[in-house]
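# Observations on the three-dimensional arrangement
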Amino acid sequence: MRQAGLAAQAMLSFVRSFITDRISALGLLSGEVDCEVWRFQMRLSFQETRNDPKAVVYTRCTIDLPSRDVRLEDVPCRNLEEVLGGFGRSFQILGERTIVNAFTPENPLIVNTGILTGSSVMTGLRTYFSAYSPLKVSAKGLPGAMWSAGSDKFGCKLRWTGVDELILEGRASGPVMIVLRRGSEGPTVEFKPADHLLGLSCHDKIMRLQKDYPQDAHFAVIGPAGENYEACYFAAVGLSTENQLKSGDDKCRWAGRGGMGSVMGYKNVIAIVAQAPDQMGKLKPEIRDINRESATGPGSRKFREKDKGGLGGTWAHYEVFNPNNLLPQDNFRPKGDDKPWLMSRTVVEPQFFIKAESCYRCGINCHKNVYDKTAEGGRGRFRAKFDYEPVNLLSTNLGIHDPNQGADLISLVDRLGMDSISVGTTIAYVLDYNERHPEKPLFNGARFGDFERVKELIEGTGRGRYPEIGRGVKRLSERLGDTAYAMQCKGLELPAYLPDTNPGYPWAIAGGHMSMATHLLYPAERDQSVDYWAKAITQRGLFQVRDDMLGICKFTIMSPDMAAQALKHEVGLEITTQELLATVRHAYIRGLWMERKQGFERSEYTLPSEVFDRPNSKLGLGGPFVTREFFSALSEKVWSVFDQELVNFTL
Ligand code: SF4
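Scoring rules and cut-offs
- Residues numbered from 1 in each chain as written.
- Predicted model: local features only at pLDDT ≥ 70, side-chain atom pairs only at ≥ 80, totals over all residues.
- Helix = DSSP H or I, 4+ residues; strand = E, 2+ residues; numbered from the N terminus.
- Rg over C-alpha atoms; globule rule 2.2 N^0.38 Å.
- Buried ≥ 20, exposed ≤ 12 C-beta atoms within 10 Å, placed from the backbone.
- Contact = placed C-beta atoms within 7 Å.
- Axes fitted to C-alpha atoms, helices over the stretch in contact; angles between N-to-C directions.
- Left-handed = near helix turned anticlockwise from the far one by under 90°.
- Nonpolar A, V, L, I, M, F, W, Y, C, P; charged D, E, K, R; others polar.
- Pairing = 2+ DSSP bridges.
- Near = placed C-beta within 6 Å.
- Expected span 1.5 Å × (residues − 1).
- Core = buried A, V, L, I, M, F, W, Y, C linked by C-beta atoms within 7 Å.
- Arc of directions from axis to C-beta.
- Parallel < 35°, antiparallel > 145°, perpendicular 65-115°, else oblique.
- pLDDT = per-residue confidence, 0-100.

Quick look at the overall build of the chain now. Looking only at helices and strands, the chain features 24 helices and 17 strands. Computed over its C-alpha atoms, the radius of gyration of the chain comes to 23 Å, within 12% of the 26 Å expected for a compact globule of 651 residues. Projected onto the principal axes, the alpha-carbon positions of the chain cover approximately 65 × 55 × 55 Å. Within the chain, buried positions represent 56% of all 651 residues. Residue pairs at least 24 apart in sequence account for 70% of intrachain contacts in the chain once pairs closer than 6 positions are excluded.

Take a look at the structure:
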């Protein structure tokens, strides 16, 4: 298995230079950032330069679910965060509310888009689901605000109905489906009973809906986990895809993190249908060039196929991480035994037919879809999409090293409609607990590698039979009084990057690797200094949330300049890169401000204590470095920056 070592080393150095190049391209090299310069300032000449936020008006559809009252209104933007959209807009609504329990009528579910969703910009496909999360929770027991993003065509269709933002208030009295259409006078809203969909998997719900809405429609649905929201706080929202509707294969995209599907389940909204003809604008030459760069340039290289000059997608992390024992294994505890390599693409590919596929109109083809191989070597039955996170967290990190079993578990989690990160990481804790406490095992007594029992735990969690798993690893570990190896920050389970190599996790505001881009820095740059990490968190990592406003996919890794050009040429919004960065920074600081508002205290911005107290000697690349002393010094430096901005923060 170590045969892959040399290739992996070559790839590691490639990744290192790739990330360094990217950071340079972003203009975010250490020391280049001046927070004073980036302070959000409204330009007086906005009106003349077509950049006055008030000149941008979006259509909000507010539905009071108990009464079915529908209010459609044109809302002028108050600031650039609202102009850009996504969580930049939804968090301003959430921030105005006092919510003490995620499952209350006062907690809205906000479904919105970014300014580039549904545009000609290639990956402008994002839909955002925002609410106070049942999963993210402060020590005071208050829910934290969250958003979760999903791709493919639902967001475009939503936009094309004429609705930019859907706010679901209250709770429907019975299972309901909301149908949004583009009418001659603007968007229309219809309510339909959804009892016939109950119990179906996300995929089966979508296939059923496609029969009823065969033309111009896309769908957002919850699965059994969302229906069992009281017992499952990490239910996802499944979004239909063009590929899924054409092939009939189970290929949803997901707004997975933070239990947005659970909130939708609480509201008794089983499905949202967005039906409208396509409205793609004429492709301008400038946007064509940006799209070409996104599809073939260095930003997306990691996610493209190797025969297209790429690194092979997120799954390729196996090739980079395994030689250095950086792959989560048996609950984030690499053993150095090379078993993780059995789930690498290198080993798996000969056994299956693998096809790189895409979201709607995307040329990056980051999906690595795994099919059975026919006797002739062709494409057989679709099995699962092998992204790094689900592969690792539903196989290697559970001690399972068989790709057939891994594919079955990924597919099962998708059918039930759960966040693979949260369910995988919580079950890894259960297995770890059972190894450590053989005299009093939890649930069915499953141990690492016990596929059948793990499968039963997943099925039971999605069906509501294991609420202690479904409510996440923070609550479970606290109830057991055994929190050291519960891999979570602020109630959100960690993604598949070792906390031992990412001290930036606690400052992620909406999930560990999607709202703080520090998870890949250690393999790339190997810096163990406090100053480096303080800058990584306060000057680089947080800017990852930009794309959760714009509506584009993070995998394009678009430079600020490219993003500003896209805004200028696609929607006529002229904004400098500095203004764009200042807007993103302000939106991130708002996220921290909202955490404070919900009671999160400084002591909660920490890592699982096992990282400090039981350093793993197997870790490569210089070994463990995140000691208590290191983290304490880092925390001081990070808060010295953010505290100042929080004091000066203006809504
Ligand atoms: S890069 Fe991947 S996830 Fe992003 S839009 Fe393209 S295919 Fe979808």
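Picking up after the structure, the text goes on.
Here helix 9 (residues 285-296) crosses helix 21 (residues 560-571) at 145 degrees, and the two axes come no closer than 9 Å. Along this stretch, helix 9 crosses helix 21, giving a crossing that reads as left-handed. Across from Glu286, Ile287, Ile290 and Glu293 in helix 9, the residues of helix 21 making contact are Met562, Gln565, Ala566, His569 and Glu570. Across the contact of helix 9 with helix 21, the residue classes break down as 4 nonpolar, 2 polar and 3 charged.

What follows concerns the sheet that holds strand 1 (residues 57-64). Across the sheet, 6 strands lie side by side as 2-1-6-3-4-5; this open sheet has mixed pairing. The open sheet has two free edges, formed respectively by strand 2 (69-76) and strand 5 (143-150), since each of these has just one partner strand. Looking at each pair of strands side by side, their axes are set apart by 25 degrees on average, direction ignored. Bridge analysis of strand 4 (residues 127-137) against strand 5 gives 7 bridges, and the strand direction is antiparallel. Across the sheet, Thr127 pairs through a bridge with Gly150, a residue of strand 5.

This part takes up the sheet that holds strand 11 (residues 253-255). Strand order in the open sheet made by the 6 strands is 8-7-12-9-10-11, with mixed pairing throughout. Edge strands, defined here as strands with exactly one partner in the open sheet, are strand 8 (186-193) and strand 11. Strand after strand, the sheet turns through a mean of 20 degrees between neighbouring axes, direction not considered. Pairing geometry for strand 7 (residues 176-183) and strand 12 (residues 269-275), over 6 bridges, is parallel.

Neighbouring the ligand are Thr123, Leu125, Ser151, Phe303, Ser358, Cys359, Cys362, Ile364, Cys366, His367, Cys553 and Phe555. Its residues assigned to classes, the shell around the ligand shows 8 nonpolar, 4 polar and no charged.

Time to look at the environment of Asn107. Examined against the element boundaries, Asn107 turns out to sit in the loop between helix 3 (87-95) and strand 3 (109-113). Exposure remark for Asn107: the 25 C-beta atoms within 10 Å place this residue in the buried category. Put simply, Asn107 and Arg97 are 10 residues apart on the chain and 8.1 Å apart in space, counted from C-alpha to C-alpha. When sequence neighbours within four positions are dropped, the list of residues in contact with Asn107 reads Ile99, Ala102, Ala131, Tyr132 and Val263.

The end-to-end C-alpha distance of helix 22 (residues 577-597), which contains 21 residues, comes to 30 Å, matching closely the 30 Å that a straight helix rising 1.5 Å per residue would cover. With its phi angle positive at about 95 degrees, Gly599 sits one or two positions after the end of helix 22.

Before going further, it helps to spend a moment on the environment of Phe612. Within the secondary structure layout, Phe612 lies in helix 23 (residues 610-613). The spatial distance from the C-alpha of Phe612 to the C-alpha of Glu185 is 61 Å, given a sequence separation of 427 residues. For Phe612, the contacting residues outside a window of four places in its chain are Val626, Thr627, Arg628 and Phe631.

Tracing the sequence through the fold places Ile509 in the loop between strand 17 (492-493) and helix 18 (521-525). A tally of 28 C-beta atoms within 10 Å means that Ile509 is categorised as buried. Between the alpha carbons of Ile509 and Ala276 there is a distance of 34 Å; along the sequence they are 233 residues apart. Leaving out residues up to four positions away in the same chain, Ile509 has contacts with Ser515, Tyr588, Gly591, Leu592 and Glu595.

Counting 188 residues, the largest nonpolar core has Ala271 and Ile427 as its most contacted members. In terms of residues, this core owes the most to one element, helix 14 (residues 420-436), which gives 8 residues. Discounting chain neighbours no more than four positions away, the residues touching Ala271 are Met177, Ala194, Leu197, Lys205, Leu209, Phe219, Ala220 and Val221.

Under the 1.5 Å per step criterion, the end-to-end length of helix 9 is 16 Å for 12 residues, consistent within 8% with the ideal 16 Å. Among all positions in helix 9, only Ile287, Ile290, Asn291 and Ser294 are buried. Looking down the long axis of helix 9, one finds its buried residues gathered within 100 degrees of arc, a one-sided arrangement. Exposed positions of helix 9 whose direction lies more than 90 degrees from the buried face are Pro285 and Arg292.

Packing of helix 13 (residues 403-416) against helix 15 (residues 451-462) leaves a shortest axis separation of 9 Å and a crossing angle of 10 degrees. For the element pair helix 13 / helix 15, the angle class is roughly parallel. For the pair formed by helix 13 and helix 15, the contact residues are Gln405, Asp408, Leu409, Leu412, Val413 and Leu416 on the first element and Phe451, Val454, Lys455, Ile458, Glu459 and Gly462 on the second. Looking at the contact of helix 13 with helix 15, its residues break down into 7 nonpolar, 2 polar and 3 charged.

A separate point is unusual backbone geometry. Even without being glycine, Arg526 reaches a positive phi, approximately 55 degrees. Position of Arg526 relative to the elements: it lies in the loop between helix 18 and helix 19 (530-540). Residue classification places Arg526 among the partly exposed positions, given that 14 C-beta atoms sit within 10 Å.

A separate point is the pairing of strand 15 (residues 379-385). Across 4 bridges, strand 14 (residues 367-373) lies against strand 15 in antiparallel orientation. What sits directly across from Tyr371, in strand 15, is Phe382. Linking strand 14 back to strand 15 in an antiparallel pair, the connection comprises 5 residues, with Gly377 at a positive phi of about 90 degrees.

As a further point, take the confidence of the model for the chain. Any segment with low pLDDT has predicted coordinates that should not be analysed in fine detail. This prediction gives the chain a mean pLDDT of 91; 92% of its residues lie at or above 70. Of the regions scoring below 50 in pLDDT, residues 1-8 engages in 12 contacts with residues more than four places distant in sequence or in other chains. Across residues 10-47, confidence stays below pLDDT 50; counting only partners more than four residues off in sequence or on other chains, it has 50 contacts.

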